[in-house]
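Given next are the chains, with one letter for each unit.
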Amino acid sequence: MESVQKQYTVLCIVGARPNFMKIAPIMRAMASSSVISPVLLHTGQHYDAEMKHSFFDQLHIPEPDIDLEVGSGSHAEQTAEIMKRFEPVLDELKPAAILVVGDVNSTIACALVAVKKSIAVVHVEAGLRSGDRAMPEEINRVLTDQISDLLFTTEADAIENLTAEGIPPERVHFVGNVMIDTLLYNRERATPAEQVLNEVSSGYGLLTLHRPSNVDDPAVLKRLLEVLVKLSKRLPLVFPVHPRTRQRITNMGFDSLLENSAISLLPPLGYLQMLGLMSDATVVLTDSGGIQEETTALGVPCITLRENTERPITLTQGTNVLAGTDVAAIESAFNDVLEHGGRKGNVPELWDGNAAVRITQIIEAFLEERAVGHN
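Basis of the calculations
Residues numbered from 1 in each chain as written. Predicted model: local features only at pLDDT ≥ 70, side-chain atom pairs only at ≥ 80, totals over all residues. Heavy atoms only, no water. Helix = DSSP H or I, 4+ residues; strand = E, 2+ residues; numbered from the N terminus. Buried < 20%, exposed > 50% of the residue type's maximum accessible area, 1.4 Å probe, protein only. Pairing = 2+ DSSP bridges. Axes fitted to C-alpha atoms, helices over the stretch in contact; angles between N-to-C directions. Parallel < 35°, antiparallel > 145°, perpendicular 65-115°, else oblique. Left-handed = near helix turned anticlockwise from the far one by under 90°. Contact = heavy atoms within 4.5 Å. Nonpolar A, V, L, I, M, F, W, Y, C, P; charged D, E, K, R; others polar.

In this structure, His 60 takes a positive phi of about 60 degrees despite not being glycine. Inspection of the secondary structure assignment puts His 60 in the loop between helix 2 (49-57) and strand 3 (66-67). A relative accessible area of 45% places His 60 in the partly exposed class. Phi at Asn 260 is positive, roughly 60 degrees, even though this residue is not glycine.

Next comes the structure, spelled out in structure tokens:
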């Protein structure tokens, strides 16, 4: 019998900003593997030159081997275009597996094409659930998990979610959090806050806001901006503004709300700049999923401006408080931080910087076992 091939091509997919922090440690771990030959594909779901510098260069991610250059569009247009452009790549490369991360449109689009070609699908950050089917990301998560061959989870609640949805337990592996791999790897390289802000007062809060549920509804956005301006009188806020959020603020006529406030508006920042700001912040106010995890790992109080979270471990073990968009709840959480230091948390199990190594080892064993079974 012929010996089993020792080099298996694994096509790793990135598409949007949150993916880059997750793929960086995986590419590093796979580069050291004697079994896996990683290929990096960028769908182009989000892409611009400044983002390339901010993420690919800063995180030491190699240039993508393939760029589909899909660009923006509606959810349907984007997903369909990714699928159309991705299929010929699979036909040419014939990878042993594809690896997708997170919950963006690229994740579900590439997974769908691969599974229909009997190519193994690996999902990193599986099993996270907000319970909110109105979020496009929630649909992407649920469907990707249903068709994946290997599912890697960051926390125990994710395993319970997958079990409840009928995913066979042998497919699921609790490995830790690759976002935290990236944070720990880059913590010493983070740009000091004073270099980003030029000057730092005795303290500041960091604000991020981008989710459609917060920025697309004029009533919600106005309510949030008004309470944030009020809070900034007690603690200055630093606000790197997402381009879409900035457009919404202007189009809805809310620029005047921020004038003469203690909220400093900044352009979008690279990963190392954001990590520096986050590390030194008194508190972080956000609607980002990844930032909820990063603040827990850093021990920085976090107030989440959402009604739900797919990362409950940041609430039960971490430094996160779910305040939604209720003014009283936001003010109460903010006051608790200023007066008592906020919620004290612990770093969750396996958030130790080695998740990508564990992922790579499990994929190696999976591919070798699969190859033997096919012979």
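What follows concerns the pairing of strand 9 (residues 237-240). Neither face of strand 9 is open: one carries Leu 237 and Phe 239, the other Val 238 and Pro 240, and all of them are buried. Pairing of strand 8 (residues 205-207) with strand 9, which is carried by two bridges, proceeds in the parallel orientation. If you follow Gly 205 over to strand 9, its bridge partner there is Leu 237.

We now examine the sheet that holds strand 12 (residues 302-304). The six strands lie next to each other as 10-9-8-11-12-13, forming an open sheet whose pairing is parallel. Among the strands making up the open sheet, the edge pair consists of strand 10 (263-266) and strand 13 (320-322). Here the strands of the sheet are splayed against their neighbours by 20 degrees on average, with no regard to which way each runs. Here strand 12 runs beside strand 13; their pairing, made up of three bridges, is parallel.

What follows concerns the sheet that holds strand 4 (residues 97-101). The seven strands lie next to each other as 3-2-1-4-5-6-7, forming an open sheet whose pairing is parallel. In this open sheet, the two edge strands, each paired with only one partner strand, are strand 3 and strand 7 (172-174). One ladder, built from five bridges, connects strand 4 with strand 5 (residues 120-124); its direction is parallel. Considered in strand 5, the bridge of Ile 98 is made with Val 121.

On to the packing of helix 3 (residues 75-93) against helix 4 (residues 105-116). Where helix 3 meets helix 4, the axes come as close as 8 Å, and the angle between the chain directions of the two elements is 45 degrees. When the interaxial angle is binned, helix 3 and helix 4 end up oblique. Here helix 3 runs over helix 4; the crossing is right-handed. Between helix 3 and helix 4, the contacting residues are His 75, Gln 78, Thr 79, Ile 82, Met 83, Phe 86, Glu 87 and Leu 90 on the first element and Asn 105, Ser 106, Ala 109, Cys 110, Leu 112, Val 113 and Ala 114 on the second. A per-class count over the contact of helix 3 with helix 4 returns nine nonpolar, five polar and one charged.

Any functional reading would require information that these geometric values do not contain.
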